[in-house]
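Residue strings, one per chain:
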Amino acid sequence: MPRQRVVSPELISSDEESFNQTLRPPTLEEYIGQKREVEKLSIALTAAKNRGEALEHTLFHGPPGLGKTTLANIIANVLGTKITVTSGPALERTGDLMGILTNLGERDVLFVDEIHRLPVNIEEFLYPAMEDFKVDFVVDKGMFAKTINVPLKKFTLVGATTRAGSLSAPLRNRFGLFYHLDFYTVDELAQIVTRSAGILEIKITRESAAEIARRARGTPRVANRLLRRVRDYAEVKATGEITAEITRAALELEGVDDRGLDHLDRGFLSAIIRMYKGGPVGVEALSATLNEEVDTLVDMVEPYLLQQGFISRTKAGRKANEPAYEHLGLPLPRNEVPAPPGLFD
Ligand code: ADE
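In this text the structure is predicted, and so the values were computed from the model without any measurement. (Residues numbered from 1 in each chain as written. Predicted model: local features only at pLDDT ≥ 70, side-chain atom pairs only at ≥ 80, totals over all residues. Heavy atoms only, no water.)

A closer look at the domain arrangement of the protein chain
Spelled out, the test is: The split of the chain into domains comes from an automatic or database domain assignment. Summed over both partners, the accessible area (1.4 Å probe) lost when two parts come together is defined as the buried area. Put simply, a salt bridge is a Lys or Arg side-chain nitrogen that is within 4 Å of an Asp or Glu carboxyl oxygen. Polar contact is defined as a pair of N or O atoms within 3.5 Å, subject to the rule that within protein one atom must be able to donate a hydrogen and the other to accept it, and that residues adjacent in sequence are counted only when both atoms are side-chain atoms. Polar here means any residue outside two lists: the nonpolar Ala, Val, Leu, Ile, Met, Phe, Trp, Tyr, Cys and Pro, and the charged Asp, Glu, Lys and Arg; Gly therefore counts as polar.
Looking at the assigned domains, one finds that the protein chain contains domain 1 (34-180), domain 2 (186-253) and domain 3 (263-328). When domain 1 packs against domain 2, close to 310 Å² is buried across both sides, 49% of that on carbon and sulfur atoms. Inspection of the domain 1/domain 2 interface yields zero salt bridges. One can count one residue pair in polar contact (both at pLDDT 80 or more) joining domain 1 with domain 2. Broken down by class, the residue content of the side of domain 1 that touches domain 2 amounts to two nonpolar, two polar and no charged.

Quick look at the structure:
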């Protein structure tokens, strides 16, 4: 099993899922961040609601932990309909999907997480469901096989994916609305932490909320998880009130540094610099050096390091940039061309 990281953008326990549910904004008005995408969604949603129609099929794409599930829940909530949640890898047999689809009511939401991982047979079964709100279900086998055509209610499929590029064209073309979620700013994350602390009745200073936000890697799920760790620390080691000092001590103990990097991130940067002279180096080589799976590095480590400018991805492999040397306190190689001013500010 891969090691659990306190800064992982993925859910790390089922307990965390129920914890997050209490913190999820129920409406777009309460949703912090992703301004443009939220405004576009708000217009589409209000228009559909006013016309009494289902929302068009909607695809959310972007890194994990940024609010794709939250937005799917908000859609059903605003329409006053039901949401059924499943995921690409969980759907194995057409029979399972048939059951889910025929149970959907008018304007209900079917949320399919990790939709890029749907098996091909399930994906093909979905096409007529999305396009014509019907399914062709084959019953019996051999010479007794017959297709029954089952009409469905007008529902909305909401898909979520971390890799929009790996969706097949026929599936992608059946979505009407596309929204890309991006990493949150520190200011937005601080607002989210403050809002969550309010719901949880935790006393927190502005400075502490900002401190948690700076270390949350642009990801609300990480911010809320760090808030939990800091709350525990404050209750056990102090009076329960969260001060900046307590926050820094708690997060230092968790191994999360002032830019939100943990042991694995620093190990990744350090390997590129120390073992491969700053790169370029292929991800497979790094995977072997660090004894971590390639997928873990590509999905969970690199996105934030790329976004922060610590590394670049080139045709020849991964390269460490100047901020990576600075962050680790290592000297720049002599032939390193300094980054243009402002690029990494
Ligand atoms: N909790 C998690 N994500 C949030 C967001 N984007 N806005 C408000 N609260 C949140």
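Overview of the site of the ligand
Quick reminder of the rule: Near is defined per residue: the residue qualifies when any heavy atom it owns lies within 4 Å of the molecule or strand. The protein chains shown are the only cover counted for residues, whose accessible areas, like all others here, come from Shrake-Rupley with a 1.4 Å probe. Think of it this way: any DSSP run of H or I at least four residues long counts as a helix, any run of E at least two long counts as a strand, and we number them from the N terminus.
In the vicinity of the ligand, the residues found are Leu23, Pro25, Glu30, Tyr31, Ile32, Tyr184, Ile192, Arg195, Pro220 and Asn224. For the ligand, a nitrogen atom lies 3.5 Å from a polar atom in the side chain of Tyr184. Take Arg195: an N or O atom from its side chain is 3.3 Å from a nitrogen atom of the ligand. Compared with its free state, where it exposes 260 Å², the ligand has 94% of that area covered by protein. For the shell around the ligand, the elements supplying multiple residues, two or more each, are helix H7 (186-199) and helix H9 (220-237). Across the shell around the ligand, the residue classes tally to seven nonpolar, one polar and two charged.

Some remarks on the pattern of salt bridges
Quick reminder of the rule: Relative accessible area decides the class of each residue, using a 1.4 Å probe on protein chains only: under 20% of the type maximum gives buried, over 50% gives exposed, and in between gives partly exposed.
Under the criterion given, the structure shown has 23 salt bridges. A salt bridge links Glu37 to Lys40; the shortest N-O distance between them is 3.1 Å. With a gap of three residues between them, Glu37 and Lys40 both fall in helix H2 (residues 35-51), about one helical turn apart. Between Arg174 and Glu131 there is a salt bridge, with the nearest N and O atoms lying 3.2 Å from each other. Of the two residues, Arg174 sits in the loop between helix H6 (169-172) and strand E7 (177-180) while Glu131 sits in helix H5 (residues 120-132), which places them 43 residues apart along the sequence. Taking the relative accessible area as the measure of exposure, Arg174 reaches 22% and is therefore partly exposed. A residue is classified by how much of its surface remains accessible, and Glu131, at 47% relative accessible area, is partly exposed. Shared partners join several salt bridges into a network, and the residues in it are Arg5, Arg217, Asp262 and Asp265.

Quick notes on the packing of aromatic side chains
Note on aromatic pairs: each is described by the distance of the centres and the angle between the planes. Selection criterion: Centres within 6.5 Å are what make two rings of Phe, Tyr or Trp a pair, Trp counting through its six-membered ring; a difference in plane orientation under 30 degrees is then read as stacked, over 60 as edge-to-face, and the rest as tilted.
This structure, assessed with the given rule, holds five aromatic pairs. Both rings, one in Phe125 and one in Phe137, keep their centres 6.2 Å apart while their planes meet at 70°; by these two values the pair is edge-to-face. Separated by twelve residues along the polypeptide, Phe125 in helix H5 and Phe137 in strand E4 (residues 134-139) bring together distant segments of the chain. A relative accessible area of 9% means that Phe125 is categorised as buried. Relative to Tyr304, the ring of Phe183 has its centre 6.2 Å away and its plane inclined at 75°; by these criteria the two rings are edge-to-face.

So, the nonpolar core
The condition that has to hold: The definition of a nonpolar core used throughout is a set of buried Ala, Val, Leu, Ile, Met, Phe, Trp, Tyr and Cys residues joined through side-chain atoms within 4.5 Å. Whether two residues touch is decided by their heavy atoms; if any such pair falls within 4.5 Å, the residues are in contact.
Leu41, Leu55, Leu71, Ile75 and Leu226 are the most contacted members of the largest nonpolar core, which has 50 residues in total. In terms of residue count, the dominant contributor to this core is H9 (seven residues). When residues of this core are assigned to domains, at least three map to each of domain 1 (34-180) and domain 2 (186-253). Every residue in contact with Leu71, bar those within four places of it in the chain, is listed here: Leu28, Tyr31, Leu41, Phe60 and Leu181. Counting 26 residues, the second largest nonpolar core, distinct from the first, contains Leu97, Val112, Leu152 and Leu171.

What to know about the environment of His116
Note that His116 resides in the loop between strand E3 (109-113) and H5. A sequence separation of 46 residues divides His116 from Thr162, and the C-alpha atoms of the two residues are 8.2 Å apart. One polar contact links His116 to Thr161, side chain to side chain, over a distance of 2.7 Å.

Observations regarding helix H12 (residues 283-290)
Under the convention used in this document: Each direction from the helix axis to a C-beta atom contributes to the arc, which is the arc of those directions.
By the burial criterion, the buried members of H12 are Val283, Leu286 and Ser287. All buried residues of H12 project into a common sector of 105° when viewed along the axis, lining one side. Away from its buried face by more than 90 degrees, H12 exposes Glu284 and Ala288. Elements in contact with the buried residues of H12: helix H11 (263-275), helix H13 (294-307) and strand E9 (317-320).

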